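Spelled out, the chains give:
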Amino acid sequence: MSKVLIFGHQNPDTDAIASAISFAYLQNQLGVEAEAVALGEVGEETRHALDYFKFEAPRVVETVANETDKVMLVDHNEFQQSVSDIRDVEILAVVDHHRIANFETANPLYYRAEPVGCTNTILLKLYKENNIEIPAALAGLMLSAIVSDSLLFKSPTCTEEDIQAAKELAEIAKVDVNEYGLEMLKAGTDLSEKSAIELIDMDAKSFPMGDKQVRVAQVNVVDVNDVFSKQAELETAMLQTNEAEQYDLFVLVVTNILDSDSVVLAVGNPIEAVEEAFNVTLENNKAVLKGVVSRKKQIVPQLTAALTK
């Protein structure tokens, strides 16, 4: 069998990268020749975690069928969020914590999906179930993913399982969860050198909602003005992306990691769906979303409901 490539979603975040690395390590320990790869360059937050625990970033691939005929997916399942030639390879396994949509296979596969805050919380269970010891550095990287996805346990997606997994991994990695976690999250909020197109593409996912194609991007900050000082450029970039990629609606969510609120910026059609979804009135195309931090739980379901009435 050719080498199995393991990867997370496009525009990978810390969980996507850490999941690929930790699942690939597990597979290799179980006798499967596997390599973690990425569907995009890593961001500052992920780079901080990789550097802290001395990991190289996985190499970036645009296609996989030219290298292998077998893959495993982590931290995603929807085909529009995956590699461009995903339909040309066999999916052997999926480990994920998102909704299941736009996914089908010709052959049976291993599929593990649980409603927890982070894929690495599930992966910790897989290590235990297979009696595989987690090296200290890898435990630190897995911890980083949980901190990232849960916003240091402040996200509504965070479960007690995530908290306990983080504590266990922190003990193996020998780091203080809160001290390291805040340091890592802050590392990901330095956006001063980012262009408008880079900001809207850092952590963006596409979703079919009814008969509309919606792009939802999210960036974490400690001061939302760092992003909205570029609002005109952001709107231009979002409109250009809509036209180029045939999205109907582009929604950018700027989340303040310190006060756990967000500001939404929307362009496209029907923009009224954003107002309906969050019970707000857009002024200058933006509105404050109090207490909203999770795209998975507090943004996508609400937009989907508004667009599928």
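Residues numbered from 1 in each chain as written. Predicted model: local features only at pLDDT ≥ 70, side-chain atom pairs only at ≥ 80, totals over all residues. Heavy atoms only, no water.

**Brief notes about the overall build of the protein**
For the protein, the helix and strand inventory stands at 12 helices and 10 strands. Its C-alpha atoms give the protein a radius of gyration of 19 Å, near enough to 19 Å, the size a compact globule of 309 residues would have. Each principal axis of the C-alpha atoms in the protein carries an extent, and together these give about 55 × 45 × 35 Å. Per-residue burial for the protein yields a buried fraction of 58% across its 309 residues. If you take every contact in the protein between residues at least 6 apart in sequence, the share linking residues at least 24 apart comes to 64%. For the protein, the computed accessible surface area is about 13200 Å², with 47% contributed by carbon and sulfur atoms. Seen as two clouds, the 25 positive and the 50 negative side-chain charges of the protein have centres 4 Å apart. (Helix = DSSP H or I, 4+ residues; strand = E, 2+ residues; numbered from the N terminus. Rg over C-alpha atoms; globule rule 2.2 N^0.38 Å. Buried < 20%, exposed > 50% of the residue type's maximum accessible area, 1.4 Å probe, protein only. Contact = heavy atoms within 4.5 Å. Areas by Shrake-Rupley, 256 points an atom, 1.4 Å probe, with all protein chains shown as cover. Lys, Arg positive; Asp, Glu negative; His and termini not counted. Charge placed at Lys NZ, Arg CZ, Asp CG, Glu CD.)

**A few points about empty space enclosed by the protein**
What the rule picks out here adds up to 1 cavity of 30 Å³ or more. In this structure, the largest cavity encloses a volume near 40 Å³. Along the walls of the largest cavity sit His9, Gln10, Gln80, Gln81, Ala204, Lys205, Ser206 and Arg215, which together make up its complete lining. Of all the elements, strand 6 (residues 204–209) adds the most residues to the lining of the largest cavity, at 3 residues. Of the residues in the lining of the largest cavity, the class split is 1 nonpolar, 5 polar and 2 charged. (1 Å grid on protein atoms, 1.4 Å probe; cavity = no way out; pocket = protein on both sides within 12 Å on 5 of 7 lines; lining within 4 Å. Points joined across faces, edges and corners; volume = space filled by probe spheres on them. Nonpolar A, V, L, I, M, F, W, Y, C, P; charged D, E, K, R; others polar.)

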